[in-house]
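Here are the chains, one letter per residue:
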Amino acid sequence: MKALQLALLFSLLAPLVPGNAAPNADLLRVRAEVERLQEDAAEAGENAQAAKIQLARLQKQLSSVQQEAASQKETVDSIRNSLAAIAIARYKSTGLGESIELLFSSDPTLYLSAAGSLESVTRKQSAQLRKYATAKQRLDATSLTVSDKVRLVQAAEA
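Some thoughts on the overall build of the protein
Stage number 1. For the protein, the helix and strand inventory stands at four helices and zero strands.
Stage number 2. Reading the protein from its N end, one meets helices and strands in the order α-α-α-α.
Stage number 3. Here the protein holds 158 residues, and the buried ones make up 14% of them.
Stage number 4. Counted over contacts in the protein with a minimum sequence separation of 6, partners at least 24 positions apart contribute 77%.
Stage number 5. Counting only carbon and sulfur atoms, one obtains 60% of the accessible surface of the protein, whose full area is about 11900 Å².

Quick look at the confidence of the model for the protein
Stage number 1. Across the protein, the average pLDDT comes to 76, with 66% of residues at or above 70.
Stage number 2. When mean pLDDT is compared element by element in the protein, helix α2 (residues 23-93) scores highest at 86, while helix α3 (residues 98-104) scores lowest at 51.

Details of the nonpolar core
Stage number 1. In terms of nonpolar packing, the biggest core is built from seven residues, these being Leu55, Leu58, Leu62, Val65, Ala69, Val146 and Val153.
Stage number 2. Only α2 and α4 (108-157) provide two or more residues apiece to this core.
Stage number 3. Here this core gets five residues from one element, more than from any other, and that element is α2.
Stage number 4. If we ignore the near neighbours within four places in the chain, the residues touching Val146 are Leu62, Val65, Gln66 and Ala69.

Side note on the pattern of salt bridges
Stage number 1. Here the structure, examined in full by the defined rule, presents seven salt bridges.
Stage number 2. By sharing partners, the salt bridges in this structure join Glu33, Arg36 and Asp40 into a single network.

A word on the side chain of Lys149
Stage number 1. Along the chain, Lys149 falls in helix α4.
Stage number 2. Buried and unpaired, Lys149 has Asp148 as its nearest opposite-charge partner, separated by 7.9 Å.
Stage number 3. Those residues in contact with Lys149 that lie beyond four places of it in its chain are Gln61 and Leu62.

Cut-offs and rules
- Within each chain, residues carry numbers counting from 1 in the order of the written sequence.
- It should be noted that, the model being predicted, local features are given only for residues of pLDDT at least 70 and side-chain atom pairs only at 80 or more, the latter also being counted only at that level, while totals for whole chains, interfaces and linings use all residues.
- Here the side-chain values reflect all heavy atoms present in the structure, with hydrogen atoms and water set aside.
- Helix and strand labels come from DSSP, where a helix needs a run of H or I of at least four residues and a strand needs a run of E of at least two; each type is numbered from the N terminus.
- Residue burial is assigned from relative accessible area. The probe radius is 1.4 Å, only protein chains are included, and a residue is buried under 20% of its type maximum, exposed over 50%, and partly exposed in between.
- Only heavy atoms enter the contact rule, under which two residues are in contact if any of them lie within 4.5 Å.
- In these tables, accessible area is a Shrake-Rupley quantity obtained with a 1.4 Å probe, and a residue counts as shielded only by the protein chains included in the view.
- pLDDT expresses, on a scale from 0 to 100, how confident the predictor is about each individual residue.
- Side-chain atoms within 4.5 Å link the members of a nonpolar core, which is a set of buried Ala, Val, Leu, Ile, Met, Phe, Trp, Tyr and Cys residues.
- By convention in these notes, a salt bridge is any Lys or Arg side-chain nitrogen within 4 Å of a carboxyl oxygen on Asp or Glu.
- Asp and Glu are treated as the negative residues and Lys and Arg as the positive ones, with His and the ends of the chain left uncounted.

Written out as structure tokens, the structure is:
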């Protein structure tokens, strides 16, 4: 490849060199310029290879973060559906206010037992709400990371 480049350069420059001029000085200058250009080309090739490696690394990171985001989104959706089911069930089961139910209850012991179960459900709902908030925060943070990685990949590709 180098020989071909030199031959091409010489064939282009040959008509420019006068016949009586000192060809050695011009030849040395042209050789120096060719060597400089070859070094620049080699450096550019190395830089391109390094950029390809970096791009591949960034694409791999992006893929990993996107998979993590998808998994977190599934978790958030699952918790959201669970909370919705709890809210719907609670809405359907609560007809009168709790104190009025106690007042009109034919068996206060049964009512208190049910109220204890309701408290247990409420604790579970609170725990689910905390899990949801935590999962949603993780998903939001991961989504930001995905956006950052996408921008890095786009910059590397450019």
